[in-house]
Structure formats: structure tokens, C-alpha cells
Amino acid sequence: MKIGATLGFNLIDYPGKIAAVAFTTGCNYLCPHCHAAPLLRNAPDLGSEGFLQYLDTVKDWVNGVVICGGEPTLQPNLVPFIGKLRDRDLCVKLDTNGSNPKVLERLLGEGLVDYVAMDVKGPRFLWPATAGVEGHEEAMAESMKLVAKFPEYEFRTTVAPVPRGDGEITFLTVHEMAAAAKLIAAATGGAAHKYYVQKFVPRKNGLLDARLEAFPETPVTLLQEIHKEVLKYLPNTQLRG
Ligand code: SF4
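The text that follows walks through the structure, step by step, so that each part is easy to find.

How each quantity is defined
- Residues numbered from 1 in each chain as written.
- Predicted model: local features only at pLDDT ≥ 70, side-chain atom pairs only at ≥ 80, totals over all residues.
- Heavy atoms only, no water.
- Buried < 20%, exposed > 50% of the residue type's maximum accessible area, 1.4 Å probe, protein only.
- Helix = DSSP H or I, 4+ residues; strand = E, 2+ residues; numbered from the N terminus.
- Pairing = 2+ DSSP bridges.
- Contact = heavy atoms within 4.5 Å.
- Polar contact = N/O pair within 3.5 Å; in protein donor to acceptor, adjacent residues only side chain to side chain.
- Near = heavy atom within 4 Å.
- Nonpolar A, V, L, I, M, F, W, Y, C, P; charged D, E, K, R; others polar.

A word on the pairing of strand β2 (residues 19-24)
Of all 6 residues that make up β2, 5 are buried, and the element is covered over most of its length. In the sheet, strand β1 (residues 3-10) pairs with β2 via 5 bridges, with the strands oriented antiparallel. Looking at β2, one finds that L7 is bridged to V21.

Points about the environment of A22
As for its placement among the helices and strands, A22 is situated in strand β2. The exposure class of A22 is buried, given its relative accessible area of 0%. C-alpha separation for the pair A22 and K2, spaced 20 residues apart in sequence, amounts to 9.5 Å. The contacts of A22, once residues within four sequence positions are left out, are I3, A5, F51, V66, I67 and C68.

Details of the environment of A131
If you trace the backbone, A131 turns up in the loop between α5 (127-130) and α6 (137-147). Considered as a pair, A131 and H193 are 62 residues apart in the sequence and their alpha carbons are 22 Å apart. The contact partners of A131, leaving out residues within four places of it in the chain, are Y29, L30, C31 and K121.

Let's talk about the side chain of N10
Among the structural elements, N10 can be located in strand β1. Here N10 falls in the buried class, since its relative accessible area comes to 14%. Within the structure, N10 has its side chain in polar contact with the side chain of D13 (distance 2.8 Å). Every residue in contact with N10, bar those within four places of it in the chain, is listed here: K17, I18, A19 and V21.

Details of the site of the ligand
Every residue lining the ligand is accounted for by C27, Y29, L30, C31, C34, L40, G70, N97 and K121. Broken down by class, the residue content of the shell around the ligand amounts to 6 nonpolar, 2 polar and 1 charged.

As C-alpha cells, this is what we get:
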């Protein structure tokens, strides 16, 4: 299990829990707006033993672990690692880009994960641009169906600038976000999902596509317009700062 960074605990990443966070290394996507470039490019492997030992020292008050990345489902030792968290009676939240439905199916079948958060990279027709790679469309659609079967789950989309085919870079639009919401409803056969519309936050010298560093945060007015439209298809949509 390759872990590139950890957080001792926080109250934000796992709703309702005091959770430690393990950031796994590597990802099979190249999202232009990704903040995790250091984890994707030759991050040192801290290993899992130190993290597990830390969890033993805080077992009286840390009650959950978030596994994020990078993309955790790429880790061959993910299942045994989660097993060690389960042995410690910890709740587990997994953040995923949805590219690996086989792993999600196993985690679901074995009851290993309590909460899954899946990134939906905008509407399907834009996934090659928003995820930075092609060929994961079927897997992501399959993952949506599986995610909606976990005890707790959420879908989320960052309203980021998208490099377009014509060379322009512009934020995801209201129309495109409505298409993403409709896709979630269609893929899962339901609309009662938690869906978070997240703002893009630029970071100097920290994004996979440096051209996006010149952009501001997602304008509040755009987020509000998107929220109003997306609520028509997913009534449990919230804005997330
Ligand atoms: S934002 Fe994209 S590239 Fe970055 S870790 Fe997530 S899925 Fe991978």
C-alpha cells in the first residue's frame, strides 16, 4: 500500500467522524485541475505500518479513516489494508475517480467500506478533457451504479476550467453541469443522491495543467446558477466551498 502523505485527523473529510487521512500515490487520470501533482509524480512511499501504528495511539478518539489520493483503487494491497482498519473497528471512507468498478464491487460485496465519494468529471462527452485521459467512460458509468449501493455515498463535481478542443479554456457551464446531473440520475436509476457542486480553487505551481493557474476561483454567480439548474435533476445537491 503506497501512501504518499497522511493527515493525523480532521472533522471535514469524513462527515460525522474524526478521521485520519491516507493519501495514496499515483493516479490513472490527468485532470487538468488536479491539486495532487506531488502525489502523482514520484512521491515517496511512506508505507502503511507507521500510519497503522499512529492509529493505535489515537484509537480512543479517531473513529474513521479516509483513503484518498491519487486513486486508491489502483493499490494492489487496498483490501488487506482496509482489513487492518476494520480489525481496529474504524469506519472507512474511500474517495475514487470511478475508474475501477471491479474493486468497488469487491469492497461493496465484502462490506469493507462505509462511505464512498466519487468524482464525476462533468458530463460524459467532456470526460476525455476533464479527466485528461480517454477510455474510462464505461467504467465510470458502471462505478456510479455501484457507488449508489454503499451504505453512505456522495457524488461530486468540481466546477473547474476545462481545456476545450478549440484551444479555449473555460469553466464548466450550467448546461454541462445539468448534463452531468442527468447522467448520474440515469446511470443510477434514481435522484436521491447527495451531490456536491464544488468550487475550483487555483494553486500556483500546483496544478497538473499550469494554464489553469491563471484562473480565479469558480465565480459564485456561476455556482449559484448551476445549483439552481442541477436541483431539478438531483434535489439533494449542495454547494461546497
Ligand atoms: S483530480 Fe484527477 S488526476 Fe488528480 S488524483 Fe483525482 S482523479 Fe487523479
